[in-house]
Amino acid sequence: MSQSGYIYFLIGLAFALANLPFLIATIGKRPLSLAWRLALLITAYFVVGVIGFSIESQIGKTTGQRWEFYAITFALFVTFAFPSFVYRYLLRHK
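Residues numbered from 1 in each chain as written. Predicted model: local features only at pLDDT ≥ 70, side-chain atom pairs only at ≥ 80, totals over all residues. Heavy atoms only, no water.

J.: I'd like a rundown of the confidence of the model for the protein, residues and numbers included.
T.: Scored by pLDDT, the protein comes out at a mean of 86, with 93% of its residues at no less than 70. Looking over the protein, one finds the lowest element-wise mean pLDDT in helix H4 (residues 82-90), namely 86, and the highest in helix H3 (residues 67-80), namely 93. (pLDDT = per-residue confidence, 0-100. Helix = DSSP H or I, 4+ residues; strand = E, 2+ residues; numbered from the N terminus.)

Now the structure itself:
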């Protein structure tokens, strides 16, 4: 796969995993609280980060990042989760 293919794959994976915690209806018999959904969102962020780091190390030399990089990528990840958050908490369900 080319570098642009890896980038599109990682962005698509990030979008899917960012929306997953809010689209899960229930686990077992009890619905998840907002705190559990946020914990799942943070876990998904780290999973995407590990996959991205492994892709980067497979392609070539990895680059060390500072806190600004992680703040921006987390903000992007939360932005990806916005559509399912709106669907879950802000729209009325019948």
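J.: Break down a nonpolar patch on the surface for me, citing the residues and quoting the values.
T.: A surface patch of nonpolar side chains, amounting to about 360 Å² of accessible area, comprises Leu34, Leu38, Tyr89 and Leu90. When residues of the nonpolar patch are traced back to their parent elements, those giving at least two are helix H2 (34-59) and H4. Positionally, Leu38 belongs in helix H2. Assessed through its relative accessible area of 40%, Leu38 is described here as partly exposed. (Patch = residues over 30% accessible without salt bridge, like charges linked within 9 Å, V, L, I, M, F, W, Y side chains within 5 Å. Areas by Shrake-Rupley, 256 points an atom, 1.4 Å probe, with all protein chains shown as cover. Salt bridge = Lys/Arg side-chain N within 4 Å of Asp/Glu carboxyl O. Buried < 20%, exposed > 50% of the residue type's maximum accessible area, 1.4 Å probe, protein only.)

J.: Account for the nonpolar core, with residues named and values stated.
T.: Counting residues in hydrophobic clusters, the biggest one holds 10 residues: Ala14, Ala18, Phe22, Leu41, Ala44, Tyr45, Val48, Phe77, Phe80 and Ala81. Those elements that place two or more of their residues in this core are helix H1 (3-23), H2 and H3. Leaving out residues up to four positions away in the same chain, Ala44 has contacts with Leu17 and Phe77. (Core = buried A, V, L, I, M, F, W, Y, C linked by side-chain atoms within 4.5 Å. Contact = heavy atoms within 4.5 Å.)

J.: Can you lay out the side chain of Ser84 for me, pointing to particular residues and giving the numbers?
T.: When you line up the elements, Ser84 lands in helix H4. Taking the relative accessible area as the measure of exposure, Ser84 reaches 4% and is therefore buried. At 2.7 Å, the side chain of Ser84 forms a polar contact with the side chain of Asn19. Ignoring any residue separated from it by four or fewer positions in sequence, one finds Ser84 in contact with Ala18, Asn19, Phe22 and Leu23. (Polar contact = N/O pair within 3.5 Å; in protein donor to acceptor, adjacent residues only side chain to side chain.)

J.: Residue-level account of the layout of surface pockets, with values.
T.: Empty space within the largest pocket amounts to approximately 830 Å³. Lining the largest pocket we find 25 residues, and of these Leu10, Gly52, Phe53, Phe69 and Thr73 sit closest to its centre. Going through the elements one at a time, H1, H2 and H3 are the ones with two or more residues in the lining of the largest pocket. Its residues assigned to classes, the lining of the largest pocket shows 17 nonpolar, 7 polar and 1 charged. (1 Å grid on protein atoms, 1.4 Å probe; cavity = no way out; pocket = protein on both sides within 12 Å on 5 of 7 lines; lining within 4 Å. Points joined across faces, edges and corners; volume = space filled by probe spheres on them. Nonpolar A, V, L, I, M, F, W, Y, C, P; charged D, E, K, R; others polar.)

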